[in-house]
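Coordinate inspection notes
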Amino acid sequence: MEHYKMNLTLKVWRQKNHQDKGQFVTYQVAGISSEMSFLEMFDVLNENLIEEGKEPIAFDHDCREGICGTCSMYINGRPHGPWQGTTTCQLHMRAFKDGDTIVVEPWRANAFPVVKDLIVDRSAFDRIIQAGGFISVNTGNAVDGNTLPIEKSRADESFAAAACIGCGACVAACKNSSAMLFVSAKVSHLALLPQGEPEKHSRVLNMITHMDKEGFGACSNTGACEAVCPKEISLDNIARLNMEYLGSSLTMDK
Amino acid sequence: MLNSKIPAGPLEDKWMNYKSTCKLVNPANKRKLEIIVVGTGLAGASAAASLGELGYKVKCYCFQDSPRRAHSIAAQGGINASKNYQNDGDSVFRLFYDTIKGGDYRSREGNVHRLAEVSGNIIDQCVAQGVPFAREYGGLLSNRSFGGTLVQRTFYAAGQTGQQLLIGAYQALERQVALGNVKMYNRHEMLDVVMIDGKARGIIVRDLITGKLERHFAHAVLLCSGGYGNVFYLSTNAMGSNVTAAWKAHKKGAYFANPCYTQIHPTCIPVTGDHQSKLTLMSESLRNDGRIWVPLKKGDDRKPTQIPENERDYYLERRYPAYGNLVPRDVASRAAKERCDEGYGVGSSRQAVYLDFATAIHRYGLMEAGKQGIENADADTIIKLGREVVKEKYGNLFDMYEKITGENPYLVPMRIYPAVHYTMGGLWVDYELMTNIPGLYCLGEANFSDHGANRLGASALMQGLADGYFVIPYTIGNYLANEIRTENIPTDHPAFVEAEKAVSDRISRLMNIKGNQSVESFHKRLGKIMWNKCGMARNADGLKEAIGEIRTLREEFWRDLKIPGDINDLNPELDKAGRVADFMELAELICIDALDRNESCGGHFREEYQTPEGEALRRDDQYQYVAAWELQGENKWELHKEELEFEVAKPSQRSYK
Ligand SMILES: Cc1cc2nc3c(=O)[nH]c(=O)nc-3n(C[C@H](O)[C@H](O)[C@H](O)COP(=O)(O)OP(=O)(O)OC[C@H]3O[C@@H](n4cnc5c(N)ncnc54)[C@H](O)[C@@H]3O)c2cc1C
Ligand code: SF4
Ligand code: FES
């Protein structure tokens, strides 16, 4: 692998808090190695800002391994940047070349208010889970793990849906700010398993109702969410959700 | 005097006897009792959910924006349980024994046996919650092997086991939030324990968005705040992982046990430069199929694929034929360091060894060809089929490797090197997981309890969930049963006022240094001292130097630190500064403990104490104890020893040959 250094222009969204209007500020960074991660490039920029006596750019991150779902930058018009199936923290600087200009913004959606700079409030996702994204089983009630065999293909499909990291890129990419991909991933994960079966009707209805309440938009099936999802959660989950929803609306006594 | 409160009686009956005789709290009283849980990783989320289900009033805290993002989410390889589904001779006793031996005879028999006993319940509980573990074609749960064992007892969900287990616990937690049994505080950082009449009665937290300090009361406080590996700056831990919660408790009198037991994981992606912010683990599960080697010739610059078999040194298979690539982590890490120090390392830094999947790809390819009935499959077909199998097992790890290094590990061997990964040390707790402070508990990686001097792979997830789902729900009742008459203490009590003032003063002190150097630069320097002098190999002279250097650095930190921004605002630099300040103090204690322990055991390798073959040399006659340190004033600690007794697993020199 050839490594190289680059100089870049960054246009970064700065916003003091939720009330502030916010604006783009332009920065130059020099000597960035192609081996760095995108967030390490931000570390360099922030160290420069601190040295100049300015406030560093606030951004969310934790694991830097693409699994916690904390990082959330809208890079050159795309949530998580140019690489397919990749979170911001796993994007590496070899995706860019010397002289590039990179525009970085926070997720934008009514249900995800900006907290500061690139940090948004995604607690609406937690509340959607509270509305039904679980299996109601208290600790200590379980039967032996092998009592109920589960077809491998079903288990694998459930796992693929459960791989969602709750990052919110799907919402950020959607022109309606719909959370449908996120919700459908949870509905599928649980509905595909026999353990999730008993609550499957109430779960989908409650989660959808709550999603609407939080101010996420409706799904118009453009597929922008699937295209940017770092865990490549499939649109098939939305189709499954719609089926479950329809079935549940018909069968549930509301 | 340290009382570990291990119940009397035969090892296999201790936990059962405890459960049938411990005090209980009646349901009506539970509703009046408040419990604080700091942390939402596997330990914290499972504890908060289970205690909420029991009817206690729970308040739960994490510094991330959602409980689901706790560092446990990043665990890759798997979780152990002695189910013996594979019929390969596993049992509670074997899991117990492997864990004691893997820990190099520095853990408590009673605790470890309990851990092995509940391991099976954990799997059952997780399956019931909808954790999508890997399955076989027949629909039953699948297993793989981890280091330090000869059975297949590790349950997994591809390379995302921690994520799936945490999501299970998180969903259980959110269900309790919805039911009103748990109140969740995201983006809140606990900054002190409040003590009233010698008991833990609450905490001081900072709202990380507004910067405001808050006081919270409870009848008992549980710290589930994770490990302190980031004291080394570079580690496989998440960026935010820190020691602050445990350290504040230590400063209030809780003993810190075995701080020098740190685990260096053998298979991580090597450092590429000074910009490096963290290191990435390549799961131990890869050692099921990957073979570790270096060239036989020093400084061999050929591409790995051009080095023929007979010019490779599969040094783990050579040195440890019985366990081969699956020796425990401490052994594998030191062996890699030894080869690199001798000049056989690979890559541009020469600080790396190969982890090679070619043999596995070939073997799986042949098996697949057989399964699919392809006769006389050609080499390309075999490789293609083999790669598909490997992809299914480890796909996400291979992708991650490629994203970070730009190299395709299906085609060329991975380059790996050891990195700081886990901390066996932590707050001292008794059998009930209570620290020496009444009412203050510690669960998960933050405590010291079950892994001795070296943790076996896939055992941290097991311990975190054992503590939270199956231990604390019983043991906390034994304490709270005596607290049913304690009314809620109002938070204008002088102890709360005083604790908040101390926290506030410290924050102002940090902000007012107004020096020239960033937090990050200090943290990096601290990490270098620790890695060079208290890392994979330690010696008395180096440790003494390290202690001096840490003190000097700490003094410089408090004189020349620069924190931009405001106190009453979201200020990540300020958050980090508080954590690094605590690491600076902990670092000294780690070195003191390492210096005091004149033996090698597990992850603690003192160069002065090794066998002629370079293996760790324990000195059971003098060091068969838990070192529990009590803070006595600035830079002053007193050592309390908890002698370890082995009635069943008699200590012997560990052998993996
Ligand atoms: C990359 C990686 C892979 C791993 N893979 C495996 C594996 O395959 N198998 C295995 O068994 N183990 C594995 N481990 C180890 C295992 O993941 C951890 O030991 C375990 O998850 C720790 O869980 P925990 O609940 O104790 O703490 P954590 O998950 O670290 O949670 C800590 C919690 O405490 C909160 N917190 C901390 N301080 C404060 C504070 N001051 N105020 C408020 N909240 C606070 C945090 O917000 C967080 O919610 C791995 C570790 C790493 C780094
Ligand atoms: S569905 Fe994909 S994009 Fe949406 S939250 Fe989950 S992982 Fe992120
Ligand atoms: S920081 Fe965890 S996914 Fe990016």
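Residues numbered from 1 in each chain as written. Chains lettered and ligands numbered in written order. Predicted model: local features only at pLDDT ≥ 70, side-chain atom pairs only at ≥ 80, totals over all residues. Heavy atoms only, no water.

Regarding the sheet that holds strand β4 (residues 78-79) of chain A
Residue and element names in this part refer to chain A. Ordered by their spatial adjacency, five strands build an open sheet running β2-β1-β5-β3-β4, and the pairing between neighbours is mixed. Only two strands of the sheet have a single neighbouring strand rather than two, namely β2 (23-33) and β4. Pairing analysis gives two bridges linking strand β3 (residues 74-75) to β4, with the strands arranged antiparallel. Each bridged residue has a counterpart across the sheet, and for isoleucine 75 the counterpart in β4 is arginine 78. (Pairing = 2+ DSSP bridges. Helix = DSSP H or I, 4+ residues; strand = E, 2+ residues; numbered from the N terminus.)

Considerations on the side chain of B:Arg175
Tracing the sequence through the fold places B:Arg175 in helix α6 (residues 161-178). Residues contacting B:Arg175, with those up to four places away along its chain left out, are A:Phe134, A:Ile135, A:Ser136, A:Val137, A:Asn138 and B:Glu53. (Contact = heavy atoms within 4.5 Å.)

Looking at the interface of chain A and chain B
The interface of chain A with chain B comprises 74 residues on the first partner and 76 residues on the second. Summed over both sides, the interface between chain A and chain B buries roughly 6000 Å², with carbon and sulfur atoms accounting for 52% of that surface. Interface area lost by chain A to chain B is led by A:Asp62, A:Glu65 and A:Lys152, which between them contribute 12%. Summed over the shared surface of chain A and chain B, the number is seven salt bridges. Applying the counting rule to chain A against chain B returns 46 residue pairs in polar contact (both at pLDDT 80 or more). Those elements that provide at least two residues to the side of chain A that touches chain B are α1 (38-51), β6 (114-116), β7 (119-120), α2 (123-130), α3 (152-162) and α5 (180-191) of chain A. Sort the elements by how many residues they give to the side of chain A that touches chain B and α3(A) lands first, with six residues. (Buried area = accessible area lost by both parts, 1.4 Å probe. Salt bridge = Lys/Arg side-chain N within 4 Å of Asp/Glu carboxyl O. Polar contact = N/O pair within 3.5 Å; in protein donor to acceptor, adjacent residues only side chain to side chain.)

Brief notes about the nonpolar core
With 202 residues, the main nonpolar core has B:Ile79, B:Phe133, B:Leu222, B:Tyr441 and B:Ile476 as its most contacted residues. Among residues more than four places away in sequence, those in contact with B:Ile79 are B:Ile122, B:Ile123, B:Phe133, B:Arg153, B:Thr154, B:Phe155, B:Thr161, B:Leu165, B:Ala458, B:Leu461, B:Met462 and B:Leu465. In this structure, A:Phe112, A:Leu181, A:Met211 and A:Ile233 belong to the second largest nonpolar core, which totals 38 residues. (Core = buried A, V, L, I, M, F, W, Y, C linked by side-chain atoms within 4.5 Å. Buried < 20%, exposed > 50% of the residue type's maximum accessible area, 1.4 Å probe, protein only.)

Digging into the site of ligand 1
All names here are of chain B. Taken together, 37 residues lie near ligand 1, and Gln64, Ser72, Gly77, Met190 and Glu445 sit nearest. Take methionine 190: an N or O atom from its main chain is 2.7 Å from a nitrogen atom of ligand 1. Between ligand 1 and cysteine 224 there is a distance of 3.4 Å, counted from an oxygen atom to a backbone nitrogen or oxygen. Expressed as a share of its isolated accessible area of 1000 Å², the protein-covered part of ligand 1 is 98%. When contributions to the shell around ligand 1 are tallied by element, the ones reaching two or more residues are α3 (42-54), β6 (188-196), β15 (414-423) and α12 (460-480). (Near = heavy atom within 4 Å. Areas by Shrake-Rupley, 256 points an atom, 1.4 Å probe, with all protein chains shown as cover.)

Here's the deal with the domain arrangement of chain A
Residues and elements named next belong to chain A. Annotation of chain A at the domain level lists domain 1 (5-105) and domain 2 (122-137 + 147-253). Each of domain 1 and domain 2 was reduced to a C-alpha centroid, and the two centroids are 30 Å apart. Between domain 1 and domain 2 lies a buried interface of about 990 Å² when both sides are counted; carbon and sulfur atoms form 52% of it. For the salt bridge of aspartate 60 with arginine 122, the shortest nitrogen-to-oxygen distance reads 3.6 Å. Applying the counting rule to domain 1 against domain 2 returns five residue pairs in polar contact (both at pLDDT 80 or more). A per-class count over the side of domain 1 that touches domain 2 returns five nonpolar, nine polar and two charged. (Domains from an automatic or database assignment. Nonpolar A, V, L, I, M, F, W, Y, C, P; charged D, E, K, R; others polar.)

Things to note about the sheet that holds strand β12 (residues 291-295) of chain B
Residue and element names in this part refer to chain B. Read from one edge of the open sheet, five strands run β11-β15-β14-β12-β13, paired in antiparallel fashion. The sheet is open, and its two edges are formed by β11 (262-268) and β13 (312-313), each paired on a single side. Alignment of strand β14 (residues 353-356) against β15, held across three bridges, turns out to be antiparallel. The residue of β15 that forms the bridge with valine 353 is isoleucine 416.

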